[in-house]
Amino acid sequence: SEEADSFSCSNCVFWPCRNEDLKEMLESNKESHKLEAMKRIVGLIAKGKNASELFPAVVKNVASKNIELKKLVYVYLVRYAEEQQDLALLSISTFQRALKDPNQFIRASALRVLSSIRVPIIVPIMMLAIKEASTDLSPYVRKTSAHAIQKLYSLDPDQKEQLIEVIEKLLKDKSTLVAGSVVMAFEEVCPDRIDLIHKNYRKLCNLLVDVEEWGQVVIISMLTRYARTQFINPWKEDGLDENNETAFYDSDSERNQTEAKPYIMDPDHRLLLRNTKPLLQSRNTAVVMSVAQLYWHLAPKHEVSVVTKSLVRLLRSHREVQFIVLQNIATMSIQRKGMFEPFMKSFYVRSTDPTNIKTLKLEILTNLANEANISTILREFQTYVKSQDKEFAAATIQAIGRCATNISEVADTCLNGLVQLLSNRDETVVAESVVVIKKLLQTQPSQHSEIIKHMAKLFDNITVPMARASILWLIGEYCEKVPKIAPDVLRKMAKTFTTEEDIVKLQTVNLAAKLYLTNSKQTKLLTQYILNLGKYDQNYDIRDRTRFIRQLIVPSEKSSALNKYARRILLASKPAPVLESAFKDRDRYQLGTLSHSLNIKATGYQELCDWPTIAPDASVRNVEIIEPAGKSKQRKSEKFYSDEEEDRDEAGSESSSTEDSSSSSSEETDVCFCTESDDESAEESSKESDKSSSASEKTSSESEANSSETDSEPKHKQKSKRIKEAVTTSSFSPVKTYDLLHHMSAKGLAAKYHFPRQPCLYQPCMVAVQVILTNCSDHNLEEIHIGDRIPASLNIHCFNTIERLEPGAAVTVSMGIDFSDSTQAANFQLCTKSDKFNVSIQPVVGELLTPSTMTEEDFCMEQRKLLGMNETSATITMATANTSRLAINKEILSVANVGVVSSTQNDIFAGKAVSSGALVLVSLSLQQSPTALLTINTEKSVMASMLLRDLKQALVQA
């Protein structure tokens, strides 16, 4: 035993390398052996080793009384609970007991493990645990509950409404530790519910500086979207700014009288800009980038320049950070050159820069070029052309061409410099120079016939196909300016026609046609020879072009009337090409996002709204501070933390009964569980835990006061509030199941699907589909997944691969399919490990809609916009059983996923097409029972016709 003790000592150099040794240590009776084994297992996980085989031995120690050991066990379980779900479920009672543990880290770890078990059967247990954790005295546990919300929502989207209630409660939390996590949960679960942010907006702005860094990134992103919906456009001339404290808290009654007045920034808008500005000094590059994009999208134009120095500072960071920052600067520099012009030297290329960084710096220098600095920039470009990096050298030549196009004063200088590059030894440089010269010569060809002659002389030495094609195009386009050289070039091309690339052959045919029209005496036979060669070429494009040219330029009896227009067609003057930046259109995406970096809309990207023309009511952000009973109520907008002293007094009386545990840090990490750090963190956060307990008592008193105030409110006001709630999405959600795959034809795998009528989590344009997979065979089915799509461009979000489905077992998985507002079936393959089965999901037109919320007045206004060809109607005779309003609602909602608009006269419904967002308005007006007029107004005429057919069938049948 002494040898075993010395072997398991933490200072021992010889660690056991076999799982059997670790299992033996975990099953030892000594806590020190178990603790040492867990430290080594966690060390293996940190190095990327697979330790899943040890799960049974580790999970036995989950009920250990040793706090240090228990923490390490939970770290392991969080990592492998999803992979070993069956074994984790056996210990679920232990996890539930741990949720009541006195130690905050144990409670948080138990909740983290529980939410990592991805089994639908424990959803109710997870929901109950999240609700309890959201009211925990420890902010660290409340933070963990916010993280668990996202996991539960991805597992079961049906819990959305209950989760929103928890999010609403956590948004009111005053702890900086919780703020970032709950906003992340808000962005995942209900990003469109901005009404939850109104009352918490000012609090989030004030807490922002103290929130942990990754929480700051999430909050800033959310507040950017929020601000674009609540404030008016500050990008106006002669703007004024009320930047004083009285304006912040004054009543908003005067704000409605803004007609014919200059722009005045909303105090809440200014609050956001003021509180985010210090974060430009953050050490975290993502935070700096987030603040920069916020100022770019929200700040007045004269204030955006404050982010310039911070962005330039980030260029000293790693190359990955440089790449993202330079992409954003490239987009900014197109619209506002003055921001970065003083820092132009920061964008000079270094020899150690990778090619992608060099190219981006080159892009920015080109954007910053103007009459004042063009000479300096061109001197830089002369050096870059000599670079050994051929891709970068070619990009530099293109940049020179852009400078020549944008700044006419240096056009000749740039052109002469490019002509000199034609004698360069590097073939890539010469080829790129030819292409750029071709584009520049189109702007003023009459002055540069000598350059065309020079390029024709170099033609034999140039082998790059694009460069050869560019020279042939130039000679053909301006053949009248070089009448002696053009026929000779055509003669040389006739010799090598069969060995040239396709792009060169096409330009050779064009050159022959143009010379035939302008100099037929010298080139008639050459043209006929080239046309005969092209007639039998292997490429069908060349064959088609040859036949077309022959019919166009060679007169014959069968030729059409186009013959007389051949010269006007082939020799027409052509507009000069516009050399533009590759970043010109990227400003349509929000800066700092993946979509902006890729220049394509990524999954989950949320577009920024346009500024509202009229500012929404700002009073929704006012928070009433209600004093305890016995004191008069005062309605005033005070600063957040205005009652901080009262909180301290209340907390002092209960500090002795509050637990010692709280959060150890403001970062969400799997803590390196060390006894000393735990003790320190508990001491540091016990004060915050005490504050939260008193805050919870105060919140309860506020809620009681609010309810009493509501009860005392006049009835006519309560009625007016109820009238504003004009639409309710129907609670009726018919679940009709369709067969996807029969077990007789799929070797025991049966599949059915239905439309749950829920927003798709993966992309807003997708329709949510739930598939029930059942194993009807007597053996396990492995690796069930989605295979090829037909066509391959079909946009489907596939479910995760099901590793194993046991006999008799069934599992429900969620998919997202973009039907593009069409009832065309989505065809794909449902695969197992050994087989593939072609399946098809046929959408019903009513399931391609999503309910839309609007008042009856808005409905009528939108309906008036969709008249004429956008209106489809039919007179129907309804079954007697369907004439009541309740029956009508039931039948229509069973057919279409629309919202019921409350109306005193007709039955009206509103929805939107999931993919395009086009409005679909349905109205049913009784004329003389049981006759009624059914009308559908939408831009989607095909969808309207099919929907009208289905609704008519549902209402007519008894």
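Throughout what follows, the structure given in this document is the object of discussion. (Residues numbered from 1 in each chain as written. Predicted model: local features only at pLDDT ≥ 70, side-chain atom pairs only at ≥ 80, totals over all residues. Heavy atoms only, no water.)

Glancing now at the nonpolar core. Here is a general trend for soluble globular proteins: nonpolar side chains tend to be buried in one another's company. In terms of nonpolar packing, the biggest core is built from 196 residues, with Ile41, Tyr76, Leu77, Leu311 and Phe381 touching the most fellow members. For this core, the element with the highest residue contribution is helix α17 (residues 285–298), accounting for nine residues. Membership of the second largest hydrophobic core comes to 59 residues, among which are Leu773, Leu830, Val895 and Val920. (Core = buried A, V, L, I, M, F, W, Y, C linked by side-chain atoms within 4.5 Å. Buried < 20%, exposed > 50% of the residue type's maximum accessible area, 1.4 Å probe, protein only. Helix = DSSP H or I, 4+ residues; strand = E, 2+ residues; numbered from the N terminus.)

It is worth spelling out the state of the cysteines at this point. Scanning the entire structure with this criterion turns up zero disulfides. Summary of cysteine pairing: cysteine 798 is not part of a disulfide, and the nearest cysteine sulfur, belonging to cysteine 831, is at 9.9 Å. For cysteine 798, a relative accessible area of 22% corresponds to the partly exposed category. (Disulfide = S-S within 2.5 Å.)

On to the sheet that holds strand β12 (residues 836–841), then. If you trace the four strands from one edge of the open sheet to the other, you get β9-β7-β11-β12, paired in antiparallel fashion. Two strands in the sheet have a free side with no partner beyond their single neighbour: β9 (802–805) and β12. Ignoring which end each strand starts from, the neighbouring axes of this sheet average 35° apart. Alignment of strand β7 (residues 781–790) against strand β11 (residues 826–831), held across four bridges, turns out to be antiparallel. (Pairing = 2+ DSSP bridges. Axes fitted to C-alpha atoms, helices over the stretch in contact; angles between N-to-C directions.)

With the rule as written, the count across this model stands at 30 salt bridges. Notably, a salt bridge pairs glutamate 132 with lysine 100, separated by 3.3 Å at the nearest N-O pair. You can see glutamate 132 sitting in helix α9 (residues 123–133) and its partner lysine 100 sitting in the loop between α7 (92–98) and α8 (104–116), a full 32 residues away along the chain. For aspartate 353, the salt bridge goes to lysine 361, with nearest N and O atoms at 3.0 Å. Residues aspartate 353 and lysine 361 agree in their burial class; the two are buried. (Salt bridge = Lys/Arg side-chain N within 4 Å of Asp/Glu carboxyl O.)

A few words on the sheet that holds strand β6 (residues 767–775). Hydrogen bonding along the main chain pairs the strands of a sheet, whether they run parallel or antiparallel. If you walk across this open sheet you meet the five strands as β4-β5-β6-β10-β8, and the pairing is antiparallel. For this open sheet the edge positions go to β4 (738–741) and β8 (796–797), each flanked by a neighbour on one side alone. Sheet topology places strand β5 (residues 749–754) next to β6; six bridges connect them, and they run antiparallel. Among the inter-strand pairings, lysine 752 is bridged to a residue of β6, identified as isoleucine 772.

Turning to the packing of helix α26 (residues 465–477) against helix α28 (residues 502–518), a few remarks are in order. The interhelical angle for the contact between α26 and α28, taken along N-to-C directions, is 10°, at an axis separation of 9 Å. Classified by the angle their axes make, α26 and α28 are roughly parallel. Where α26 abuts α28, its residues Pro465, Met466, Arg468, Ala469, Leu472, Trp473, Ile475, Gly476 and Glu477 lie against Ile503, Val504, Gln507, Thr508, Leu511 and Lys514. (Parallel < 35°, antiparallel > 145°, perpendicular 65-115°, else oblique. Contact = heavy atoms within 4.5 Å.)

Our next topic: the packing of aromatic side chains. Remark: the centre distance and the inter-plane angle together describe each pair of aromatic rings, the angle taken between the planes. Tallied over the entire structure, the rule returns 15 aromatic pairs. Where phenylalanine 55 meets tyrosine 76, the ring centres are 6.0 Å apart and the plane angle is 40°; that geometry is what we call tilted. With phenylalanine 55 in helix α4 (residues 55–59) and tyrosine 76 in helix α5 (residues 67–80), this pair connects stretches of sequence that are 21 residues apart. Taking the centre distance of 6.1 Å and the plane angle of 65° together, the rings of tyrosine 201 and phenylalanine 231 count as edge-to-face. Linking tyrosine 201 in helix α13 (residues 201–207) with phenylalanine 231 in the loop between α14 (213–230) and β1 (240–241), this pair joins segments that are 30 residues apart in sequence. For the pair tyrosine 201 and phenylalanine 231, a shared accessibility class is recorded, and that class is buried. Three or more aromatic residues link up through ring pairs in this structure, and these residues are Phe55, Tyr76 and Tyr80. (Phe/Tyr/Trp six-rings, centres within 6.5 Å; stacked < 30°, edge-to-face > 60°.)

Before going further, it helps to spend a moment on empty space enclosed by the protein. Tallied over the entire structure, the rule returns six cavities of 30 Å³ or more. In this structure, the largest cavity spans a volume of roughly 100 Å³. Contributing elements (two or more residues each) for the lining of the largest cavity: β6 and β10 (810–817). Here the lining of the largest cavity gets three residues from one element, more than from any other, and that element is β6. A class-by-class count of the residues in the lining of the largest cavity yields nine nonpolar, three polar and no charged. (1 Å grid on protein atoms, 1.4 Å probe; cavity = no way out; pocket = protein on both sides within 12 Å on 5 of 7 lines; lining within 4 Å. Points joined across faces, edges and corners; volume = space filled by probe spheres on them. Nonpolar A, V, L, I, M, F, W, Y, C, P; charged D, E, K, R; others polar.)

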